[in-house]
Amino acid sequence: MPSISTTSKIEGTKAYATKVVFSGSTSTEREAVVAEVQSQTDAILIPPYDDFNIICGQGTTGLEIEEQYLELLAQNPQLSVHGSSGSGLDAVITPIGGGGLNAGVATFFSDKKTRCQVVDYWGWIEDSCGIVELGVFSDKKKVEGVFAVTEEQIKAAMRLVLERMKVVVEPSAVVGLAVCLFNEEFRRIVEREGGEEGWDIGIVFSGGNTTVEAIGKLFS
C-alpha cells in the first residue's frame, strides 16, 4: 500500500491481512516493491486494473447499475426523465483511477441497444492507466468524453452527498456528481442531445477512503 494511504484504509487492511507492505505513491514505486516481494516469496500478483479478468469483474458494476435502474423504474416510471418510454440510461459516469472500472463499465454498456453512453471524468487519478484501458478510452463507441471540475466544486458535491444522501465517501468519489452539477461542457451536451427532457444518468461513487478528521479538516 502507498504509505500516504488514509489511516482508516491502512487499519482496515490490517484487519484482514497478516502483513501490510508499504511503498511510495507512484505506480513505478509500487511496482518495484511488488517485484521485490515476489522475488522473496514467489507470490502471485493480482493486478489492480490492467488485466482482462479484473476489467471483466469490475465491469459487473455496469450490470448492477442497469439492474438497479430498471428496478427503480418498474416501481416508479416517473423517476425517469423519459417517463414510461425510457429504454435505458443515457449516460454513465465513472472514475478513471487506474482505468479498470471505467474500461469494464464502458465495455458493458457499449453493446447495449439503448441510448447509453459512457462519460468519463478525471478525479484524483493514478499516475498512469494500463495498456488495455487506454485502448478503451480511445474508442469513442465506449468512452464519450473526459470532464474536469474544481476542488471547490468537488467539496460542494461532497457536502450534498454527506448531508442529503447520508453517504460517507472520499472526495474523488463524487467528482462524477460534480460534473453533472457544475461542468458547463457536459451540461451543454445534455441540453443539446437530451433536449427538453434531459438525460437519465448513472454515477458510480467509488472510494470511501477517508476519516472523520479528514472530512472535518476539509470543511473547517
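To be clear, the structure that these remarks concern was listed above.
Nothing here was measured: the structure is a model prediction, and the numbers come from that model.

Cut-offs applied
Sequence order as written defines the numbering, with residues in each chain counted from 1. Selection of residues for local features in this predicted model requires a pLDDT of at least 70, selection of side-chain atom pairs for listing and counting requires 80 or more, and totals for whole chains, interfaces and linings are taken over all residues. Here the side-chain values reflect all heavy atoms present in the structure, with hydrogen atoms and water set aside. Each helix is a run of H or I in the DSSP string that is no shorter than four residues. Each strand is a run of E no shorter than two, and both are numbered from the N terminus. Relative accessible area decides the class of each residue, using a 1.4 Å probe on protein chains only: under 20% of the type maximum gives buried, over 50% gives exposed, and in between gives partly exposed. Working rule for contacts: check all heavy atoms of both residues, and any pair within 4.5 Å makes them a contact. Exposure was quantified through the Shrake-Rupley algorithm and a 1.4 Å probe, taking into account, for residues, occlusion by the shown protein chains and nothing else. Here an axis means a line fitted to C-alpha atoms, over the contact stretch when the element is a helix, while the angle between two N-to-C directions is reported on a 0 to 180 degree scale. Orientation labels follow simple angle bins: below 35 degrees gives roughly parallel, above 145 gives roughly antiparallel, 65 to 115 gives roughly perpendicular, and whatever is left gives oblique. In the analysis that follows, any N or O atom pair within 3.5 Å is treated as a polar contact, provided that within protein one partner can donate a hydrogen and the other can accept it, and provided that, for residues neighboring in sequence, both atoms belong to side chains. Expected span of a helix: the number of residues minus one, times 1.5 Å.

Enquirer: Help me out: how do you make sense of the overall build of the protein chain in this one?
Expert: Secondary structure assignment for the protein chain yields 9 helices and 4 strands. Secondary structure elements in the protein chain, listed N-terminal to C-terminal, are α-α-α-β-α-β-α-β-α-α-α-β-α. For the protein chain, with 220 residues in total, the buried portion stands at 38%. For the protein chain, long-range pairs separated by at least 24 residues make up 70% of all intrachain contacts whose partners lie at least 6 apart in sequence. For the protein chain, the exposed area adds up to about 13000 Å²; of that, 55% sits on carbon and sulfur atoms.

Enquirer: What should I look at first to understand the packing of helix α6 (residues 151-165) against helix α7 (residues 175-182) in this one?
Expert: Helix-helix packing is described using two parameters, namely the angle between the two axes and the distance between the axes. Axis separation between α6 and α7 bottoms out at 8 Å; the angle between their running directions is 105 degrees. Here α6 lies roughly perpendicular to α7, going by the angle between them. Facing α6, whose interface residues are Q153, I154, A156, A157, L160 and V161, α7 presents V175, L177, A178, L181 and F182.

Enquirer: Looking at this structure, how should I read the environment of V169?
Expert: Summarising the element assignment, V169 is placed in the loop between α6 and α7. Taking the C-alpha atoms as reference points, V169 and T210, separated by 41 residues in sequence, lie 7.0 Å from one another. Excluding anything up to four places from it in sequence, V169 contacts M158, V161, V174, F205, G207, G208 and T210.

Enquirer: What should I look at first to understand the side chain of D90 in this one?
Expert: Tracing the backbone shows D90 in the loop between α3 (52-75) and β1 (91-94). Residue class for D90 comes out buried when judged on its relative accessible area of 1%. A polar side-chain atom of D90 sits 2.7 Å from a polar atom in the side chain of H82. At 2.6 Å, the side chain of D90 and the backbone nitrogen of D200 are in polar contact.

Enquirer: I tried to follow helix α2 (residues 27-41) on my own but got confused; where do I start?
Expert: The periodicity of an α-helix, 3.6 residues per turn, causes residues three or four positions apart to be oriented the same way. In this model α2 runs 21 Å from its N-terminal to its C-terminal C-alpha over 15 residues, within 8% of the 21 Å that 1.5 Å per residue would give. Just past α2, the residue D42 takes up positive phi, approximately 60 degrees.

From the geometry alone we can't say anything about function, so treat these as descriptive.
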